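The primary structure of each chain is shown beneath.
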Amino acid sequence: MKRIVIFGATSVIAHEAAKVFARQKAAFVIIGRDARKLAAVREDLLARGAESAEAIQADLTAVERHQELIGAALRQLGQIDGALIAYGMNGDQRSCERQAKQMLETFNTNATSLLALATLLANQLEQQKQGCLAVISSIAADRGKKSNYVYGSAKAGVEVFFQGLRHRFAGSQVRILTIKPGYVKTPMLSEQLSRHPLAAHPRDVGRAIARAMQSRKGVIYLPWYWQPIMWVVKALPEAIFERLEL
Amino acid sequence: MAFAYESWGRFPKARHARVMPVYWRDEPPRFEGIAGSVLPYAYGRSYGDSCLNAGQTLIDVSFLRRFIAFDERQGLLRCEAGVPFGEVLGIVVPRGWFIPVTPGTQYVSVGGAIANDIHGKNHHNAGTFGCHVAQFELLRSSGERFICSPNENADLFRATIGGLGLTGIILWAQFRLKPVTSAWISMEQVRFSSLEEFFGLAQSSDRDFEYTVAWIDCLARGKQLGRGVYLRGNHEARQPACCDLPPKSKRFRAFFDMPSSLLNGTTMRLFNSLFYHAHHPGRLAKRLSYEHFFFHLDGIRDWNRLYGKRGLIQYQCALPPDCGKSAIAELLKRIARSGEGAFLSILKRFGQMQSPGLLSFPRPGFTMAFDFPNRGARTQELMDELNTMVRGFSGAVYPAKDACMSAENFQAYYPQWKTFARFVDPRFSSSFWRRVTATAGGGRP
């Protein structure tokens, strides 16, 4: 996979995935909000062997910029072999409950703006007749729970959208990948949860994403053990689930 | 799965109150919000408690794993301190460069390599890693950041090399590389049947070979005392140069803790004996990938688990040249007599090159290292005895491996510790440091 665009390249997980492609001498366009962090990511990818890495600073919630960003990526790369959408925000569940404005911001960042971007990217890949469009979702999408249902529902919306995309492109050379990490030690995870026995290291998750983007997989839980766990969680009858402190 | 913040020897065990990750070198931790002391932690490859801070806070710097700049012409690399050596080699070897000093595992971080002033099989001509560090950036708990080099903040530079993470957090470092023309090592192994033979071999080998080390059977006695296998190697000289990475070696993983009953005197004697006899008597030449030559133990991931739940205690000492030969024999005899076995032990000559580090361990003479399965009080007693013997020989014990040295012994091995203590950051501490400064009046001179 030689020509990669990453939306939200300062995501620790996305960077780890990019390291794998850099080693394979890929060319990158990396997009993020924080110019300094973006520069650090760029330096790293170049040192690791990336053929090129162009950094574009942008706030991806500004949907009016999406077309321009994709255009810039195409000018730099020619074609897009892999597009990874990795930006998002945890959203403070408490304040989202109290203020609709907060909830809207979280939803907009994690779902609405993201799906606007995905719409354009899907069309681009359709035109190219090849490529992989991958999005980082979460196990939180599998069932709404009181501790993070705003975040979870946004991700759930994204997942169904991508499920539809997968259906749309079935049988073609365009691959649609939904990535569902569990707890991963990143700035998004609280310090407490970072010590959870099931918390994964971003390096392992990133590597698995790079592998999956080069395969024909549609949905992937990372690490793998979240799949059986969430299967059980999804199957729990409401009467039992509502008693759990999750 | 779960990552336990342990040391490599898994002894002593420590529970930490807090583990704070640092994700970006420009977003330092907020020290005011932390109660008690802190200690940086990357991959926990130190054996004892120098990487532990029981009851207090660890700062996980393993996420500072970015490369910053690689000057391919001059062989200068700058990267964040959490980058492991294996990753550095993966980047620099294909472009014809090598790290000037490499330890026995590729999972040591650049920061850890500086903090422990690590040495390798080529100490006799290349010194320690600290000798090749050009500069690094140190973050102190005050929030101040210092660029440290031999010419700038030189005293902090010297205190941090070998400083066991106590002077602050190393955010990034720049170090020199050395040119190579191949990713392979031309190696010779020579079996020897006694210590005398070893000394003869060491004398001649250190001249002609860049990398030398001996595996010895520390359980052999009498005429066979100090028998073993001598390994010596050089980077293959290839014309034209070709540094394509060799295929990665197969990795095994130790999935479970070995039951401690299997680690007894008999099995160890058997293992050592088999190892010795399995080697070709005389000389044998081999060609190994650098991974295989330097990091063969890494081939078994989590090999420390083979020592069981109680873990292992590694003992590494340095002995001065004047009494080196007799000291080695004495130590070996003492170990053989104790019944506390160790699997293969290593023996090597240290060279003359001075490290800039204040608490640097390697010094001219010899070094020996043993992995003792932790069998409780008996092992501790042997460690105490060995420490006293080493002190008598005016030697020193390596803090990066240590789990038991007393304050008295530490202060005898490193008389410059008081000078070093002035540079310890007031918010930083470790289980090791508290143990070795636990004299009346505490850790401040």
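Throughout, residues of each chain are indexed from 1 in the direction in which the sequence is written. Naming scheme: in the order in which they are written, chains are lettered from A and ligands are numbered from 1. Local features in this predicted model are restricted to residues of pLDDT 70 or higher, and side-chain atom pairs are both shown and tallied only at a pLDDT of 80 or more, whereas totals for entire chains, interfaces and linings draw on every residue. Where side-chain values are given, they derive from all heavy atoms of the structure, hydrogens and water being excluded.

Some details on the sheet that holds strand β12 (residues 211-216) of chain B
Residues and elements named next belong to chain B.
- The rule for pairing is simple: two strands pair if DSSP sees at least two bridges between them. Secondary structure counts use DSSP, requiring at least four H or I residues in a row for a helix and at least two E residues in a row for a strand, with both numbered from the N terminus. On the basis of which strands lie adjacent, the open sheet formed by eight strands has the order β15-β11-β13-β12-β18-β19-β17-β20 and antiparallel pairing. A strand with exactly one partner marks an edge of an open sheet, and here the two such strands are β15 (283-289) and β20 (396-397).
- Across six bridges, β12 lies against strand β13 (residues 228-235) in antiparallel orientation. Note on β13: the bridge partner recorded for Trp215 is Val229.
- Of the strands in this sheet, β11 (184-192), β12, β13 and β19 (365-373) are in contact with helix α6 (residues 265-278), which crosses β11 at around 110 degrees.
- Contacting β17 (312-319), β19 and β20, helix α9 (residues 377-392) crosses the sheet at an angle of about 10 degrees to β17. In what follows, residue pairs with any heavy atoms lying within 4.5 Å of each other are defined as contacts. To get an axis, a line is fitted to the C-alpha atoms, and for a helix only the part in contact is used. The angle between two axes follows their N-to-C directions and goes from 0 to 180 degrees.

Topic: the interface of chain B and chain A
- Taken together, the contact pairs 27 residues of chain B with 29 residues of chain A.
- Using a 1.4 Å probe, buried area is obtained as the accessible area two parts lose upon being combined, added over both of them. Counting each side, the surface lost to burial between chain B and chain A is near 2400 Å², with a carbon and sulfur contribution of 50%.
- The salt bridge criterion pairs a side-chain nitrogen of Lys or Arg with a carboxyl oxygen of Asp or Glu, the two atoms within 4 Å. Put simply, A:Glu191 and B:Arg18 hold a salt bridge, and the shortest N to O gap is 2.7 Å.
- Contributing elements (two or more residues each) for the side of chain B that touches chain A: β1 (18-21), β4 (67-71) and α1 (85-92) of chain B.
- At four residues, the largest contribution of residues to the side of chain B that touches chain A is made by β1(B).
- Looking at the side of chain B that touches chain A residue by residue, the classes come out as 16 nonpolar, three polar and eight charged. For this scheme, ten residues count as nonpolar: Ala, Val, Leu, Ile, Met, Phe, Trp, Tyr, Cys and Pro. Four count as charged, namely Asp, Glu, Lys and Arg, and the remainder, Gly too, count as polar.

Brief notes about the sheet that holds strand β5 (residues 131-136) of chain A
Residues and elements named next belong to chain A.
- One open sheet holds the seven strands; their spatial order is β3-β2-β1-β4-β5-β6-β7, and the pairing between them is parallel. With partners counted over all chains shown, the strands left at the sheet margins are β3 (52-57) and β7 (219-222), one partner each. The sheet shows a mean angle of 15 degrees between the axes of neighbouring strands, taken without regard to direction.
- Direction of pairing for strand β1 (residues 3-7) relative to strand β4 (residues 82-85): parallel, over a ladder of four bridges. Note on β4: the bridge partner recorded for Phe7 is Ile85.

Focus on the packing of aromatic side chains
Residues and elements named next belong to chain B.
- Think of it this way: a Phe, Tyr or Trp ring, Trp meaning its six-membered ring, pairs with another when their centres are within 6.5 Å, and the plane angle makes it stacked under 30 degrees, edge-to-face over 60, tilted otherwise. Across all of its chains, the model carries 30 aromatic pairs over all chains by this definition.
- Pairing Tyr211 with Phe294 gives two aromatic rings, centres 4.9 Å apart and planes at 85 degrees, and the pair type is edge-to-face. Taken together, the residues span a long stretch of sequence, with Tyr211 in strand β12 and Phe294 in helix α7 (residues 290-295) at a distance of 83 residues. Across this residue pair, the class does not change: Tyr211 and Phe294 are buried.
- An angle of 80 degrees between the planes, with centres 5.4 Å apart, marks the rings of Phe420 and Trp433 as edge-to-face. Separated by 13 residues along the polypeptide, Phe420 in helix α11 (residues 417-421) and Trp433 in helix α12 (residues 431-436) bring together distant segments of the chain.
- Exposed residues in this analysis have more than 50% of their type's maximum accessible area, buried residues have under 20%, and partly exposed residues fall in between, with area computed by a 1.4 Å probe over protein chains only. Phe420 gets classed as buried once you look at its relative accessible area, which sits at 0%.

Here we look at the environment of B:Ser141
Residues and elements named next belong to chain B.
- Mapped onto the elements of the fold, Ser141 is located in the loop between β7 (133-139) and β8 (145-148).
- Here the alpha-carbon distance between Ser141 and Asp425, two residues 284 residues apart in the chain, equals 7.0 Å.
- Beyond its immediate sequence surroundings of up to four residues, Ser141 is in contact with Phe31, Asp425, Arg427 and Phe428.
- At 2.6 Å, the side chain of Ser141 and the side chain of Asp425 are in polar contact. Nitrogen and oxygen atoms within 3.5 Å of one another constitute a polar contact, given that in protein one can donate a hydrogen and the other can accept it, and given that sequence-neighbouring residues count only through two side-chain atoms.

Some remarks on the nonpolar core
- Working definition of a nonpolar core: buried Ala, Val, Leu, Ile, Met, Phe, Trp, Tyr and Cys residues. They are joined through side-chain atoms within 4.5 Å. Of all hydrophobic cores here, the largest spans 127 residues; its most connected members are B:Phe129, B:Phe136, B:Phe198 and B:Met368.
- Residues in contact with B:Met368, not counting those within four places in the same chain, are B:Ile216, B:Tyr315, B:Gln316, B:Cys317, B:Leu319, B:Ile328, B:Leu331, B:Leu332, B:Ile346 and B:Leu347.
- Counting residues in hydrophobic clusters, the runner-up holds 40 residues, among them A:Leu84, A:Val184, A:Ile209 and A:Met213.

Description of the side chain of B:Ser37
Residue and element names in this part refer to chain B.
- Note on placement: Ser37 falls in the loop between β1 and β2 (38-41).
- Residue classification places Ser37 among the buried residues on the basis of a relative accessible area of 10%.
- Setting aside chain neighbours within four positions, we find Ser37 in contact with Asn53, Gln56, Thr57, Arg427, Phe428, Ser429 and Arg434.

Quick notes on unusual backbone geometry
All names here are of chain B.
- Residue Pro12 is bonded to the preceding Phe11 through a cis peptide linkage, with omega at -5 degrees.
- In this fold, Pro12 is placed in the segment before β1.
- Going from Gln239 to Pro240, the amide bond is cis rather than trans, its omega being -5 degrees.
- Mapping Pro240 onto the fold places it in the loop between β13 and β14 (252-253).
- Look at Arg10: it is not a glycine, yet its phi comes out positive at around 55 degrees.
- Secondary-structure assignment places Arg10 in the segment before β1.

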